[in-house]
Each structure stands twice: as structure tokens, then as C-alpha cells.
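Structural characterization, general
Listed here are the chains, written in short residue letters.
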Amino acid sequence: MKEKGILVVVSGFAGAGKGTLMKQLLSEHDNYALSVSATSRSPRPGEQEGISYFYKTKEEFEAMIERDELLEHACYVGNYYGTPKKFVCEQLDAGKDVVLEIEIQGAMQIKKKFPEALLLFVMPPSAEILKNRLVGRGTETAEVIEQRMKRAAEESEGIEDYDFIVINDDIDKCTETMHNIIQSAKFMPLRQKDFITKVREELKEIN
Ligand code: 5GP
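Residues numbered from 1 in each chain as written. Predicted model: local features only at pLDDT ≥ 70, side-chain atom pairs only at ≥ 80, totals over all residues. Heavy atoms only, no water.

This brings us to unusual backbone geometry. Phi at Asp68 is positive, roughly 60°, even though this residue is not glycine. Here Asp68 lies in the loop between helix H2 (58-66) and strand E5 (70-76). Assessed through its relative accessible area of 47%, Asp68 is described here as partly exposed. Not every positive phi belongs to a glycine, and Val77 is a case in point at roughly 45°. The topology assignment puts Val77 in the loop between E5 and strand E6 (79-84). (Helix = DSSP H or I, 4+ residues; strand = E, 2+ residues; numbered from the N terminus. Buried < 20%, exposed > 50% of the residue type's maximum accessible area, 1.4 Å probe, protein only.)

Turning our eyes to something else, we now look at the pairing of strand E1 (residues 7-12). Where a strand is regular, its side chains alternate between the two sheet faces. Within E1, six of the six residues are buried, which leaves it mostly tucked inside the rest of the structure. Because side chains alternate across E1, one face comprises the buried residues Leu7, Val9 and Ser11, and the other comprises Val8, Val10 and Gly12, equally buried. Pairing of E1 with strand E7 (residues 97-101), which is carried by four bridges, proceeds in the parallel orientation. Within the sheet, the bridge partner assigned to Val9 lies in E7 and is Leu100. (Pairing = 2+ DSSP bridges.)

We now examine the pairing of E6. Counting buried residues in E6 gives six out of six residues, a clear majority hidden from the surface. Bridge analysis of E5 against E6 gives six bridges, and the strand direction is antiparallel. Residue His73 lies in a different strand from E6, and its bridge partner there is Gly82. Between E5 and the antiparallel strand that follows it, E6, lie two residues; Val77 among them carries a positive phi value of about 45°.

Time to look at the packing of aromatic side chains. Tallying each qualifying case throughout the model produces six aromatic pairs. Ring geometry for Phe13 and Phe121: centres 5.2 Å apart, planes at 75°, overall edge-to-face. Residue Phe13 is found in the loop between E1 and helix H1 (18-28), and its partner Phe121 is found in strand E8 (residues 118-123); the two are separated by 108 residues along the sequence. Of the two residues, Phe13 and Phe121, neither departs from the other in class, the shared state being buried. (Phe/Tyr/Trp six-rings, centres within 6.5 Å; stacked < 30°, edge-to-face > 60°.)

And the structure:
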């Protein structure tokens, strides 16, 4: 049987470059599967159903909660976001390392439900660089940028609840670091319980 994959949560401030990082990680390594979330927010230009998100009405989303179809869910800036359970479980069983790109409230629910999940927080090298990136995108108004910077200050209070921070100064280096962290974290004893138990049993039989 193939070894089960690891569940990886990636959070970070808006503008920290999570999206680009995820794309690069998936294009360079075929052991990862990226979970597609459900959301009640409207699609942005260029986003695609089933690729960016599964777009739901509030009622449809609440029905998914009722039917226990989500691993976690949260309300973020007035909209629901959640991780469909089925895809994640199937991919983990198939040996894929499954990445959830989710915000902090959802990350804490995953940590509680799955103590063996690995939690990463992507940070910019400085607050100034974060602001410059948000301004540089050119998609947000000054007011929205200010809101996002305030939100980043709030979210920064929760970083110590994560296992690792990943500093996004250079995208290639950062992708490699992230991959190395994930692959190393697999060998922490809490994620190798079955293997450790197996060898322990074998040792008892041999001795
Ligand atoms: P956006 O609307 O900009 O696509 O996403 C807003 C925030 O929601 C981001 O921080 C993103 O990581 C987070 N998010 C996306 N999908 C999920 C999800 O399934 N669950 C939770 N808790 N957060 C999500």
C-alpha cells in the first residue's frame, strides 16, 4: 500500500505571494495536490469554477455545512470559505501531499482536528515590501490596501500557532525551502507513528 500523504496548511497575508508559490510548488513537484475551496464570494475576473473555487450561494454553502461535507469553514470579510472533505481524503489516501491555502481561523480548525497536519505561514521580508506588492498589483484601491494592511497586522498575532514560517523574498528559493520543510516534516515521529509501532513490534519478536 502507498504511504499516506501529509496534510499541509498554507496561510499568509494578502500580497505575501501564496498563490504564486503554490503554482510553482505544484509545477515543480508531482507529489502535491492543491485543494479547491468552496466559497460564497463572487468570482473575480479570470477566475474559473472548479479551478479557482467552487462558487456557491450562501444557502448552498450552509447546506454543505449541514451535510458535513467540509473539513473546515470560516467567514472571511463577509463571505464563507471552506474545504471540501472528499477530495482531500481521496488524495491523502492516494499518497499525495495535500495543500490547503486557507486563512487562520480555518487553519486552527484543521490543527485541532488533525494534529499531524503541518502548518506553514508565508511572510514577506518586511511590511514595506508587502505594501509595495499590494500597490504594485494595481487591482486594489487605496482604501482596500489600507484594510488589508490592518488585517495583516491582526493576523500577525497568530503566527506562533504555525509550525514554520516561510519568508518569500525570492520565489525560487522560497519554493525550494517550502518543499524541503514539507518533505522533512514527514519524518517527525508524530507523523511516523505506524512505522515506529511496526519496528517496535518487530524488535519484540526478534528479541
Ligand atoms: P480570496 O477571496 O482573496 O480568494 O481569499 C480570501 C482568504 O480566504 C485567503 O486568505 C484565502 O487563503 C482564504 N481561503 C480560501 N479558501 C479557504 C477555505 O477553504 N477555508 C478557509 N478557512 N479560508 C480559505
